[in-house]
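# Results of the structural survey
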Amino acid sequence: MSESFFERVYSVVRKIPEGKVTSYGAIANYLGTPKSARVVGWAMNASHDLDDVPAHRVVNRNGLLTGKHFFSGSNLMRELLESEGIKIENDKIVDFEHHFWNPST
DNA sequence: ATCTTGACCTAAT
DNA sequence: CATTAGGCCAAGA
């Protein structure tokens, strides 16, 4: 079974617990390709076909909602995160480290 | 096979 | 603090 890089990313993102977030680099690192962080983000772009992939729980290394612009409108991503107990300020996750989830977990 | 793009990351200026 | 540059990888045309 040759699973595309995307499917591997989806598998990890789907495992993100509610109220937790992770970064593209963390996922890429977990997959064994720490330098493919961009590809992870790109995979998320294709995740639009799937509704099982909480892309809103994936942010960049700074905890910044870089992909929020790709969601419907400009506040959907923030709404989803806040709905899970995560606080956002200036498009950035508050206490990012506290909400960070390690894929290895 | 070549070229382009992209929701990144780090460092330098 | 804002901007630029380089690197790195995968998929689509």
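To start, this report covers the structure provided alongside it. (Residues numbered from 1 in each chain as written. Chains lettered and ligands numbered in written order. Predicted model: local features only at pLDDT ≥ 70, side-chain atom pairs only at ≥ 80, totals over all residues. Heavy atoms only, no water.)

### Some words on the overall build of chain A
The line we're drawing: Helical segments are the DSSP runs of H or I of at least four residues, strand segments are the runs of E of at least two, and each set is numbered from the N terminus. Between buried and exposed lies partly exposed: a residue is buried under 20% and exposed over 50% of the maximum accessible area for its type, with that area taken using a 1.4 Å probe on protein chains only. Pairs of residues are marked as contacts when any of their non-hydrogen atoms sit within 4.5 Å. All accessible areas in this document rest on Shrake-Rupley with a 1.4 Å probe, and a residue is counted as covered only by the protein chains that are shown. Lys and Arg are tallied as positive, Asp and Glu as negative. Neither His nor the chain termini are counted. Charge positions come from single atoms, namely NZ of Lys, CZ of Arg, CG of Asp or CD of Glu.
Helices and strands together make up the secondary structure of chain A, namely five helices and four strands. Taken over the C-alpha atoms alone, chain A extends approximately 40 × 25 × 20 Å along its principal axes. Evaluated residue by residue, chain A yields a buried proportion of 39% over its 105 residues. The long-range fraction of contacts in chain A, counting pairs at least 24 apart against all pairs at least 6 apart in sequence, stands at 66%. When the accessible surface of chain A is totalled, it reaches about 6500 Å², and 46% of it is carbon and sulfur. Here chain A contributes 12 positive and 13 negative side-chain charges, whose respective centroids are spaced 7 Å apart.

### Things to note about the pattern of salt bridges
Our working definition: We define a salt bridge as a side-chain nitrogen of Lys or Arg found within 4 Å of a carboxyl oxygen belonging to Asp or Glu.
Tallying each qualifying case throughout the model produces three salt bridges. For Asp91, the salt bridge identified is with Lys68, shortest N-O distance 2.9 Å. With Asp91 in the loop between strand S3 (88-89) and strand S4 (92-93) and Lys68 in the loop between strand S2 (58-59) and helix H4 (76-83), this pair connects stretches of sequence that are 23 residues apart. We note a salt bridge from Glu82 to Arg78, for which the minimum N-O separation is 3.3 Å.

### Quick word on the protein's contact with DNA strand C
The line we're drawing: Summary of the distance rule: residues count as near a molecule or strand when at least one heavy atom falls within 4 Å of that molecule or strand. Nitrogen and oxygen atoms within 3.5 Å of one another constitute a polar contact, given that in protein one can donate a hydrogen and the other can accept it, and given that sequence-neighbouring residues count only through two side-chain atoms. Classification convention: Asp, Glu, Lys, Arg as charged; Ala, Val, Leu, Ile, Met, Phe, Trp, Tyr, Cys, Pro as nonpolar; all other residues, Gly among them, as polar.
Surveying the vicinity of DNA strand C reveals the residues Ser4, Phe5, Phe6, Lys35, Ser36, Arg38, Val39 and Trp42. Atoms of DNA strand C within 4 Å of the protein belong to the sugar or the phosphate in 53% of instances, the rest to bases. Take Arg38: an N or O atom from its side chain is 3.2 Å from a base oxygen of DNA strand C. Listed by contribution, the elements that provide at least two residues to the surface near DNA strand C are helix H1 (5-14) and helix H3 (37-46). Element by element, the count of residues in the surface near DNA strand C is highest for H3, at three residues. Of the residues that constitute the surface near DNA strand C, the class distribution is four nonpolar, two polar and two charged.

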